[in-house]
Amino acid sequence: MSVSVVVPCYRSARTLPVLVTRLMAVLRELSVPHEVILVVDGSPDDTWRTAAELARRVDGVRALHLSRNYGQHNALVAGIREAEFEVVVTMDDDLQHPPEQIPLLLAALEGDRLDLVYGVPRREEHGLVRSLASRSVKTAMASGLGIRSARTISAFRAFRTRLRDGFQGLSGPHASVDVALSWVTTRVGSVRVDMNERDHGRSNYTPVLLLRHATNMLLGYSTAPLRAASYLGFLIGVVGLLLGGAVLWDFATGDTTVAGFTTIASMIAIFSSAQLMAVGVLGEYVGRVHGNGMGRPTYVVCERVGSSAPSGVPRQPGGATVAVHAAAGSGPGER
């Protein structure tokens, strides 16, 4: 089993040297063909300089520099499309995902039973608010997108590189690697792993961004909001019929009184609110169709440093061939 490790990098100049050192030690101990792909997602600090230096100095490390900040999942897509080996491992750049836990993911992939394995933390590594926001994203993916394994999803994952063939055409301003992987396999598992506290600084994924990410996934990969608008319209229609029936009954029994302004105003407000909500949901979908038609790139690789897989090592078809992918851009996935 050969391994490509993809690490999206943003404001991680301080952690990358330690991360790469630990990664290479683990991969060499596994005695398998390997590479590490550092995807610098338009970071404003010295992250690119650090990643490029590591790629020049350490054999088996490659660095990609995206022309701007496209978002974590877009950066992951860029790295996954560059991967040369049989299995892709993705992990964060802040040392929360210990490289020493990678063998657990790879062991779960041995054989043909699973195609995708997530590393699930033994305990929560985030605070209460962040954890609740993260759970809301997973709930949205489970209920709105029908992903049965959503509650075990994490950024620490390993999957067979061939799965990327199922989402080569992935585009749009809000790419989601986990949704794309759910399109191509149901053979998904998880293993319990140790995770560390963030080495320094704060996570770029705030609770607000996580909730926005959940909304974007629902609107970008599901028609559930449209169905919800239809159900809301139906329910309010039933309420209107019941109110109309009550008015007719009062008229038939002679209990009619002069209609009050408050009643009329409240009914108009309810129906208008339902209509505006439905129009708003439709507008979101139309806006996304318009955004896709603008031809904005998923990502643009402006610079590469480091060699590809060594000669004589079996490569995965399609690796390192795509630099620009149309119809996406920055969005709530930005960090």
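Residues numbered from 1 in each chain as written. Predicted model: local features only at pLDDT ≥ 70, side-chain atom pairs only at ≥ 80, totals over all residues. Heavy atoms only, no water.

Describing the pairing of strand S4 (residues 87-90)
Here's step 1: Of the two faces of S4, the one carrying Val87 and Val89 and the one carrying Val88 and Thr90 are both buried.
Here's step 2: Of the strand pairs in this sheet, strand S1 (residues 3-9) and S4 are connected by four bridges, and their pairing is parallel. From the neighbouring strand, Val6 faces S4, where its bridge partner is Thr90.
Here's step 3: Where S4 meets strand S6 (residues 157-160), four bridges bridge the pair, whose relative direction is antiparallel. Each bridged residue has a counterpart across the sheet, and for Thr90 the counterpart in S6 is Arg157. (Buried < 20%, exposed > 50% of the residue type's maximum accessible area, 1.4 Å probe, protein only. Helix = DSSP H or I, 4+ residues; strand = E, 2+ residues; numbered from the N terminus. Pairing = 2+ DSSP bridges.)

Here we look at a nonpolar patch on the surface
Here's step 1: There is a patch of nonpolar side chains on the surface, built from Phe234, Leu235, Val238 and Leu242 and spanning about 420 Å² of accessible area.
Here's step 2: Position of Phe234 among the secondary structure elements: in helix H8 (residues 224-253). (Patch = residues over 30% accessible without salt bridge, like charges linked within 9 Å, V, L, I, M, F, W, Y side chains within 5 Å. Areas by Shrake-Rupley, 256 points an atom, 1.4 Å probe, with all protein chains shown as cover. Salt bridge = Lys/Arg side-chain N within 4 Å of Asp/Glu carboxyl O.)

Some words on the packing of aromatic side chains
Here's step 1: Counted according to the given criterion, the structure contains zero aromatic pairs.
Here's step 2: Note that Arg68 overlies the ring of Tyr70, its terminal NZ or CZ placed 5.5 Å from the centroid. (Phe/Tyr/Trp six-rings, centres within 6.5 Å; stacked < 30°, edge-to-face > 60°. Lys NZ or Arg CZ within 6 Å of the ring centre and 35° of its normal.)

Notes on the nonpolar core
Here's step 1: Grouped together as the largest cluster of nonpolar side chains are 38 residues, with contacts concentrated most on Val5, Leu38 and Val89.
Here's step 2: Contributions of two or more residues to this core are made by S1, helix H1 (16-30), strand S2 (34-40), helix H2 (47-57), strand S3 (61-66), S4, helix H4 (102-109) and strand S7 (188-193).
Here's step 3: For this core, the element with the most residues is H1, which contributes six residues.
Here's step 4: Discounting residues that sit within four places of it in the chain, Val5 has contacts with Leu23, Leu27, Glu35, Val36, Ile37, Val89, Met91 and Ile102.
Here's step 5: One finds Ile37, Ala75, Tyr118 and Leu163 within the second-largest nonpolar core, a separate group that totals 26 residues. (Core = buried A, V, L, I, M, F, W, Y, C linked by side-chain atoms within 4.5 Å. Contact = heavy atoms within 4.5 Å.)

Notes on H4
Here's step 1: Here H4 has its buried residues at Ile102, Leu105, Leu106, Ala108 and Leu109. The arc that holds the buried residues of H4, viewed along the axis, is 160 degrees, so those residues lie on one side.
Here's step 2: Considering only its buried residues, H4 is in contact with S1, H1, S4, strand S5 (116-121), S6 and S7.
Here's step 3: Once H4 finishes, Gly111 follows within two positions and takes phi at roughly 85 degrees, a positive value. (Arc of directions from axis to C-beta.)

Everything listed here is a matter of geometry and, on its own, says nothing about what the molecule does.
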